[in-house]
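Breakdown of the fold
Read off the chains here:
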2 protein chains.
Amino acid sequence: MTTLKHNETQHISDEGDCALPHALSLMGEKWSFMILRSAFDDVRHFEGFLNKIGLARNILANRLARLTQGGILARTPCPNDRRKVEYRLTQKGLDLLPAMLALRQWGEKWATGIPSTPVLVDQADRKPIKEITIRSHDDRVLKWQDLCWVDVSQLDIDGETLDIVDEEALVKNIG
Amino acid sequence: MTTLKHNETQHISDEGDCALPHALSLMGEKWSFMILRSAFDDVRHFEGFLNKIGLARNILANRLARLTQGGILARTPCPNDRRKVEYRLTQKGLDLLPAMLALRQWGEKWATGIPSTPVLVDQADRKPIKEITIRSHDDRVLKWQDLCWVDVSQLDIDGETLDIVDEEALVKNIG
DNA sequence: GTTTCTAGTTGCAACTTAAAACTTAATCTA
DNA sequence: TAGATTAAGTTTTAAGTTGCAACTAGAAAC
């Protein structure tokens, strides 16, 4: 079932305490996001992905196996036609939607300039979703210049400002 | 300056009207997001990236060149020490922050389980940012089950519901 | 003026990808 | 029910990419 053995090239690995490398070990591979997008577009079968994305069969087989192993897709043989196999997004996979949309919106803004079609709309009122943004605890939209990195151990718990001796030092050498 | 010529392998390309392939042609490469993260962490020099990320020199040189060409980083020789070169995030690069954070948060939730350190906080009140979410036009948090795809041409403009003959057909075969 | 430092480049072996042909099992079709 | 077809892979092989280690070139330090 697994066509190629997994990557013997250098891994993006768990250096420091950042979850990004971990996320990228699955989603940072070429085609992973494209497969994900198709899955969100209700593509479920091998040939469907193949036609939609246009990658080599062996690579697709390998990626589907990895995404399945990684818990992003669930693989089930179809009960009514035993030749077919269904790949469906798990909750873990569904939870990648904000990341995928943020990336797509970025592409729209900076690369194509053209609004992508189709767009995601709120089922309730059929109005398009907003741009994905970073929000403060009280829901203000924050930009990079409004933010700074702080070590977890130095976090201001539930609103009380801690007496930190060298607060400046905390914003350096982030992980 | 460009160590390897760009990708002769199959490109993730502009199939349909979706900006995701375009975004991935730059950011879908191995290490791109790791380099971006380091840049957000104020790493600016070649050796800095090398130490922080732990990838091969030639690959780093190639990626920095591609990210520079792609307008995500700006490359400037240092005026005070002409041996050094500074790589800084452009606005285009800074705009990838939501995507990067969404990915990192997903990794935290599903892969490591451990909150990453350091965290981004609002400079104003030093409270951590919220989870990145999808928002409706009126700022409600939306999940996948609240959403559907609609073709751009069929969009309900400024609140009036259009008389669409076959509305069902629109949610199929999304791009 | 020699050493060191920074940002690369080069060469090569190991690995991955892409394309096309092949396989295996299940289902139509006549 | 034999033969064609479909779905989901696997195999083969060439071409492209990566990783490592050693090398280079220009600027600064000593």
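Right, let's walk through the structure included here. Given the structure is predicted, the values throughout are model-derived calculations rather than measurements. (Residues numbered from 1 in each chain as written. Chains lettered and ligands numbered in written order. Predicted model: local features only at pLDDT ≥ 70, side-chain atom pairs only at ≥ 80, totals over all residues. Heavy atoms only, no water.)

1. With respect to the pattern of salt bridges
Residue and element names in this part refer to chain A. With the rule as written, the count across this model stands at 30 salt bridges over all chains. Residues Glu29 and Arg63 are paired through a salt bridge, measuring 3.5 Å at the closest nitrogen-oxygen approach. Remark: Arg63 occurs in helix α4 (residues 57-69) and Glu29 occurs in the loop between α1 (20-27) and α2 (32-40); sequence separation between them is 34 residues. Arg63 gets classed as buried once you look at its relative accessible area, which sits at 12%. (Salt bridge = Lys/Arg side-chain N within 4 Å of Asp/Glu carboxyl O. Helix = DSSP H or I, 4+ residues; strand = E, 2+ residues; numbered from the N terminus. Buried < 20%, exposed > 50% of the residue type's maximum accessible area, 1.4 Å probe, protein only.)

2. Some thoughts on the pairing of strand β3 (residues 119-122) of chain B
Residues Val119 and Val121 of chain B point to one face of β3 of chain B and Leu120 and Asp122 of chain B to the other, with burial holding for every one of them. Where strand β6 (residues 147-150) of chain A meets β3 of chain B, four bridges bridge the pair, whose relative direction is antiparallel. Bridge pairing in β3 of chain B links Leu147 of chain A to Asp122 of chain B. (Pairing = 2+ DSSP bridges.)

3. Regarding the packing of aromatic side chains
All told, the structure shown has two aromatic pairs over all chains when counted by the stated rule. Ring centres 4.9 Å apart and planes at 70 degrees place the aromatic pair Trp144 of chain A and Phe40 of chain B in the edge-to-face group. Here Trp144 of chain A is found in the loop between β5 (141-142) and β6, whereas its partner Phe40 of chain B is found in helix α2 (residues 32-40) on a different chain. By relative accessible area, which is 2% here, Phe40 of chain B ends up buried. (Phe/Tyr/Trp six-rings, centres within 6.5 Å; stacked < 30°, edge-to-face > 60°.)

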